[in-house]
Amino acid sequence: MSEHAVAVVDTNVLLNLATPVVDGRPQAPSGSDPLKALLTAYDIHVPASVLGEVTDATGDDDLLAAAADVVLKAAHHVTTHDVDDRTDEPLDYGLDRGESEGIWLANELEADLFITDEFNTTNYLFVTLALADRNTLFTTPHILCTLATHEILPEGYVDAVLTYYVEIKGWDAQYVTQLRQHHLE
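Thresholds, definitions, all that
- Residues numbered from 1 in each chain as written.
- Predicted model: local features only at pLDDT ≥ 70, side-chain atom pairs only at ≥ 80, totals over all residues.
- Heavy atoms only, no water.
- Helix = DSSP H or I, 4+ residues; strand = E, 2+ residues; numbered from the N terminus.
- Rg over C-alpha atoms; globule rule 2.2 N^0.38 Å.
- Contact = heavy atoms within 4.5 Å.
- Areas by Shrake-Rupley, 256 points an atom, 1.4 Å probe, with all protein chains shown as cover.
- Lys, Arg positive; Asp, Glu negative; His and termini not counted.
- Charge placed at Lys NZ, Arg CZ, Asp CG, Glu CD.
- Core = buried A, V, L, I, M, F, W, Y, C linked by side-chain atoms within 4.5 Å.
- Buried < 20%, exposed > 50% of the residue type's maximum accessible area, 1.4 Å probe, protein only.
- Pairing = 2+ DSSP bridges.
- Axes fitted to C-alpha atoms, helices over the stretch in contact; angles between N-to-C directions.
- Phe/Tyr/Trp six-rings, centres within 6.5 Å; stacked < 30°, edge-to-face > 60°.
- Salt bridge = Lys/Arg side-chain N within 4 Å of Asp/Glu carboxyl O.
- Expected span 1.5 Å × (residues − 1).

- Under an unreviewed UniProt entry, the protein chain has the name PIN domain-containing protein and belongs to Haloarcula marismortui ATCC 33799.

Shown next as structure tokens:
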């Protein structure tokens with residue numbers, strides 16, 4: 001894996017990767033930082049709307065706001081693109097502005113990866129159709145497994161964090177199991 005591969009990421013990817021770092025509950029895995037791993041392994045790009053959505057998540061006294069604060073502190077490791085004046089209206093597939101602009105940006109940059117958390121919805125199919133190169137589509141659990149495969153994150157940590165996300169975020173257990181079998185076994 002090239003350390004300079006270009007990845008465009010969506011808001012929830014950043015927030016979800018920061019969540020276990022700020023979650024002090026016993027079920028939260030510890031010992032690694034998946035957000036930091038992503039930011040050091042890839043050249044991360046986002047539309048400005050993504051950081052706007054992260055900023056909107058701050059200000060409360062909850063796990064999401066704490067994760068948003070961590071993402072904003074690491075924002076200097078992310079290349080932000082103002083794409084408002086270059087894109088059409090958001091894709092009309094139930095995707096929010098950050099997701100729509102992220103897809104546009106991934107196509108524009110010919111990114112190596114577009115990482116989203118739309119795998120639990122039918123929107124995943126729409127994202128696949130909207131990407132110019134469907135091979136660029138990754139999900140957060142998929143990128144976590146990839147980071148383990150390339151020894152950027154320990155396999156044991158990735159296994160634990162996947163379980164955490166299934167239990168805490170309601171990620172599709174069957175999908176996560178298939179990724180584990182393909183990448184971690």
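So much for the structure itself; the text now carries on.
Points about the overall build of the protein chain
Now for step 1: If you tally the helices and strands in the protein chain, you get nine helices and five strands.
Now for step 2: The linear arrangement of helices and strands in the protein chain, starting from the amino end, is β-α-α-β-α-α-β-α-β-α-β-α-α-α.
Now for step 3: For 185 residues, the compact-globule estimate of 2.2 N^0.38 gives 16 Å, and the C-alpha radius of gyration of the protein chain, at 15 Å, lies within 12% of that figure.
Now for step 4: In terms of principal-axis extent, the alpha carbons of the protein chain reach across some 45 × 40 × 30 Å.
Now for step 5: By sequence separation, contacts in the protein chain at least 24 residues apart represent 70% of the contacts at least 6 residues apart.
Now for step 6: Counting only carbon and sulfur atoms, one obtains 47% of the accessible surface of the protein chain, whose full area is about 9000 Å².
Now for step 7: In the protein chain, 8 positive and 32 negative side-chain charges are present, and the distance between their average locations comes to 4 Å.

Structural notes on the nonpolar core
Now for step 1: Tyr42, Ile44 and Ile115 are the most contacted members of the largest nonpolar core, which totals 47 residues.
Now for step 2: Ranked by residue count, the leading element in this core is helix 8 (residues 155–169), at six residues.
Now for step 3: In this view, Ile44 contacts Ala7, Val9, Leu38, Leu39, His77, Val78 and Thr79; residues no more than four positions away in its chain are not counted.
Now for step 4: In terms of nonpolar packing, the next biggest core, distinct from the first, is built from 12 residues, Leu95, Ala106, Ala111 and Val127 among them.

Focus: the sheet that holds strand 4 (residues 113–116)
Now for step 1: Across the sheet, which stays open at both edges, the five strands sit in the order 3-2-1-4-5 with parallel pairing between neighbours. Across the chains shown, the open sheet's two edge strands, defined by having one partner strand only, are strand 3 (78–81) and strand 5 (137–139). Strand-to-strand twist across the sheet, computed as the mean angle between neighbouring axes with direction ignored, equals 30°.
Now for step 2: Bridge count for strand 2 (residues 43–47) against strand 3 is four bridges, and the pairing is parallel. Of the residues in strand 3, the one forming a bridge with His45 is Thr79.
Now for step 3: Set on the sheet, helix 1 (residues 11–22) makes contact with strand 1 (6–9), strand 2 and strand 4; between it and strand 1 the angle comes to about 95°.

Points about the packing of aromatic side chains
Now for step 1: Across all of its chains, the model carries two aromatic pairs by this definition.
Now for step 2: Taken together, a centroid distance of 4.2 Å and an interplanar angle of 25° make the contact between Tyr165 and Trp171 stacked.
Now for step 3: A connected cluster of aromatic rings, assembled from ring pairs, spans Tyr164, Tyr165 and Trp171.

Some details on the pattern of salt bridges
Now for step 1: Per the counting criterion, the structure on display carries three salt bridges.
Now for step 2: Glu101 is the partner of Arg97 in a salt bridge, and the nearest nitrogen-oxygen pair spans 2.9 Å. Here Arg97 pairs with Glu101, and both are found in helix 5 (residues 97–109), just four residues apart, close to one helical turn.
Now for step 3: Close ionic contact of Asp159 with Arg180 constitutes a salt bridge, the shortest N to O distance being 2.5 Å.

Brief notes about the pairing of strand 1
Now for step 1: The two faces of strand 1 match: Val6 and Val8 on one face and Ala7 and Val9 on the other face are all buried.
Now for step 2: With three bridges connecting them, strand 1 and strand 2 associate as parallel partners. When the sheet's bridge partners are listed, Val6 is paired in strand 2 with Asp43.
Now for step 3: Bridging between strand 1 and strand 4 involves three bridges; their strand directions are parallel. The partner of Val8 across the bridge, within strand 4, is Phe114.

With respect to helix 5
Now for step 1: The end-to-end C-alpha separation of helix 5 is 18 Å, in line with the 18 Å expected for 13 residues at 1.5 Å each.
Now for step 2: Taken together, the buried positions of helix 5 are occupied by Gly98, Glu99, Ser100, Glu101, Gly102, Ile103, Leu105 and Ala106.
Now for step 3: The positive-phi residue at the C-terminal boundary of helix 5 is Glu110, with phi of around 50°.

Comments concerning the side chain of Glu99
Now for step 1: Summarising the element assignment, Glu99 is placed in helix 5.
Now for step 2: In this structure, Glu99 is buried with no salt-bridge partner, the nearest side chain bearing the opposite charge being Arg97 at 11 Å.
Now for step 3: Setting aside chain neighbours within four positions, we find Glu99 in contact with Asp10, Phe114 and Glu118.

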